[in-house]
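The residues making up each chain are set out below.
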Number of protein chains: 2
Amino acid sequence: MGDNVLDLNLLGVGELASHHEGHTLRPRNPAPFLLKTYNLLEEGGGGVNGEAEAEDDNKKIVSWNVDGKGFVVWSPAEFSDLTLPRYFKHNNFSSFIRQLNTYGFKKISSKRWEFKHEKFQRGCKHLLVEITRKKGEPSVFPSYLKSSSEENGMTSSMEVNNNQQILMEENKNLKEERLELQMQIAECKAIEMKLLEYLSQFVDNHQNKVRRLC
Amino acid sequence: MGDNVLDLNLLGVGELASHHEGHTLRPRNPAPFLLKTYNLLEEGGGGVNGEAEAEDDNKKIVSWNVDGKGFVVWSPAEFSDLTLPRYFKHNNFSSFIRQLNTYGFKKISSKRWEFKHEKFQRGCKHLLVEITRKKGEPSVFPSYLKSSSEENGMTSSMEVNNNQQILMEENKNLKEERLELQMQIAECKAIEMKLLEYLSQFVDNHQNKVRRLC
DNA sequence: GGGAATATTCCC
DNA sequence: GGGAATATTCCC
């Protein structure tokens, strides 16, 4: 206790500078599908096996395209049989495609299985969190009631629904923000307590020393 | 039908057989989950393997109960590790339970994992089609918006409007709260800074004193 | 390509 | 137990 000036870090005070970073930005993870697909590309789709992986272009099952802004499934058959079951609970190419569509990927070649998404690029794992599922809007009306008169501009019910969607989204975000802020405050208070505690101990200690030395 | 057979061969996964069978037949099929669970019981949960299956009661993993009006998972661990992955795309006992609940099965013993459903009985495969998923009623309103204001005669448009009002109100409150929290945080940080500043001065001061006194 | 049913996971 | 998000399947 005497020489604990150096123990500031142990008390957690040293985290002052960096402790915010954990919470200020949403630590939200990318969707499992996106992470798996990204990893699968990093790993060449071959997964983990003992053999040295041949990196010959003509042996590739799946890979980033030249500029890293998209990817190509060179061999759908091998991809389905070997790659998919390593990362997912199925081996159906069409289920994989369905997921790509769900997350807004676009097929960018009619000649081969090449896909891209604005936020899905080689070396940009951090962008994955930006990709969201296209959700069939939870409309106020059940789909089987939806009239077929939807081509022209918005019907009023759609508009109401749309407003509501926006409000709910904003609402949700605000609540998340609130939680984060509350956590930050809790942390702040905890640090205050520690600092005060430490300070009082230090004062006691200091006074004792001075007294003895006098 | 021919197509289905072809698919099965390509998939090369016997377990999926029940999944694809007879889509063109008139009478609706039971849900895949129910059929698999039923088959699993008929087969003793051991699935297809070369060895003769020991039918000793004390070696059973899962079986119908005595009167055939329910079934018991005698060994959840083995059931999860051995049985589940043979019939489903997972090996989580809790996911299996989740499905049982979804289809309205009831746990009928607190001492062991025993479940029943009115329409799920030994020798009554034909009753399976009667079992349906309990679905969160396809209400016109998202569940999280459901207020308790539904008994009184509200039209849906009134309700939509009402919901929007509520949302906007909540939204406004959340924003005010956010501001408040942000101010609290600013204050906290200021206090932290002062405490740290004071502490460092105190330390310096203390060391000087001690040095002089020595 | 995407809507919708079912399955699986995650979380309260 | 069950609501809800995500995954997988099935179908148009």
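Everything quoted here is computed from the prediction, not taken from an experiment.

(A) Representation of the overall build of chain A within the structure. Along the backbone of chain A there are five helices and four strands. For chain A, the α and β elements follow one another from N to C terminus as α-α-β-β-α-α-β-β-α. Taken across its 214 residues, chain A has 35% of its residues classed as buried. Total accessible area computed for chain A in this model is approximately 13400 Å², and 53% of it derives from carbon and sulfur atoms.

(B) Main features of the state of the cysteines. In the structure shown here, the tally under the stated rule is zero disulfides over all chains. Not engaged in a disulfide, the cysteine A:Cys188 finds its nearest cysteine sulfur in B:Cys188; these two sulfurs lie 4.2 Å apart. Here A:Cys188 falls in the buried class, since its relative accessible area comes to 0%.

(C) Fine view of the sheet that holds strand 2 (residues 71-73) of chain A. Residue and element names in this part refer to chain A. As summarised here, the arrangement of the four strands in space is 1-2-4-3, forming an open sheet in which the pairing is antiparallel. At either end of the open sheet lies a strand with only one pairing partner, and these are strand 1 (62-64) and strand 3 (106-107). Most of the contacts of helix 4 (residues 93-102) go to strand 4 (residues 113-116), to which it runs at about 25°, and overall it touches strand 2 and strand 4.

(D) Structural detail: helix 2 (residues 32-42) of chain A. Residues and elements named next belong to chain A. Listing the buried residues of helix 2 in full gives Phe 33, Leu 34, Thr 37, Tyr 38, Leu 40 and Leu 41. All buried residues of helix 2 fall inside an arc of 160° around its axis, so they share one side. Contacts made by the buried residues of helix 2 are with strand 1, strand 2, helix 3 (76-87) and helix 4. Among the residues trailing helix 2, Gly 44 stands out with phi positive, at a value near 70°.

(E) Spatial organisation of helix 3 of chain A. Listed as buried for helix 3 of chain A are A:Phe79, A:Ser80, A:Thr83, A:Leu84 and A:Tyr87. End-on, the buried residues of helix 3 of chain A take up no more than an arc of 130°, which puts them together on one face.

(F) Geometry of the confidence of the model for chain A. Residue and element names in this part refer to chain A. Chain-level pLDDT for chain A is 77 on average; 67% of the residues reach the 70-or-more range. Counted against residues more than four places away or in other chains, residues 1-26, with its pLDDT under 50, gives 37 contacts. Counting contacts from residues 142-153, a segment whose pLDDT is below 50, to residues more than four positions away or on other chains yields eight contacts.

(G) Fine view of the packing of aromatic side chains. Using the criterion set out here, one finds 32 aromatic pairs over all chains in the structure. Where A:Phe88 meets A:Phe96, the ring centres are 6.1 Å apart and the plane angle is 55°; that geometry is what we call tilted. The same class applies to A:Phe88 and to A:Phe96, which are both buried. Relative to B:Phe88, the ring of B:Phe33 has its centre 5.7 Å away and its plane inclined at 35°; by these criteria the two rings are tilted. With a gap of 55 residues between them, B:Phe33 in helix 3 (residues 32-42) and B:Phe88 in the loop between helix 4 (76-87) and helix 5 (93-102) connect regions that are remote in the sequence. Each member of the pair, B:Phe33 as well as B:Phe88, carries the same accessibility label: buried. One residue, A:Lys107, lies across the ring of A:Trp113, its end atom 4.9 Å from the ring centre.

Analysis parameters
- Residues numbered from 1 in each chain as written.
- Chains lettered and ligands numbered in written order.
- Predicted model: local features only at pLDDT ≥ 70, side-chain atom pairs only at ≥ 80, totals over all residues.
- Heavy atoms only, no water.
- Helix = DSSP H or I, 4+ residues; strand = E, 2+ residues; numbered from the N terminus.
- Buried < 20%, exposed > 50% of the residue type's maximum accessible area, 1.4 Å probe, protein only.
- Areas by Shrake-Rupley, 256 points an atom, 1.4 Å probe, with all protein chains shown as cover.
- Disulfide = S-S within 2.5 Å.
- Pairing = 2+ DSSP bridges.
- Contact = heavy atoms within 4.5 Å.
- Axes fitted to C-alpha atoms, helices over the stretch in contact; angles between N-to-C directions.
- Arc of directions from axis to C-beta.
- pLDDT = per-residue confidence, 0-100.
- Phe/Tyr/Trp six-rings, centres within 6.5 Å; stacked < 30°, edge-to-face > 60°.
- Lys NZ or Arg CZ within 6 Å of the ring centre and 35° of its normal.

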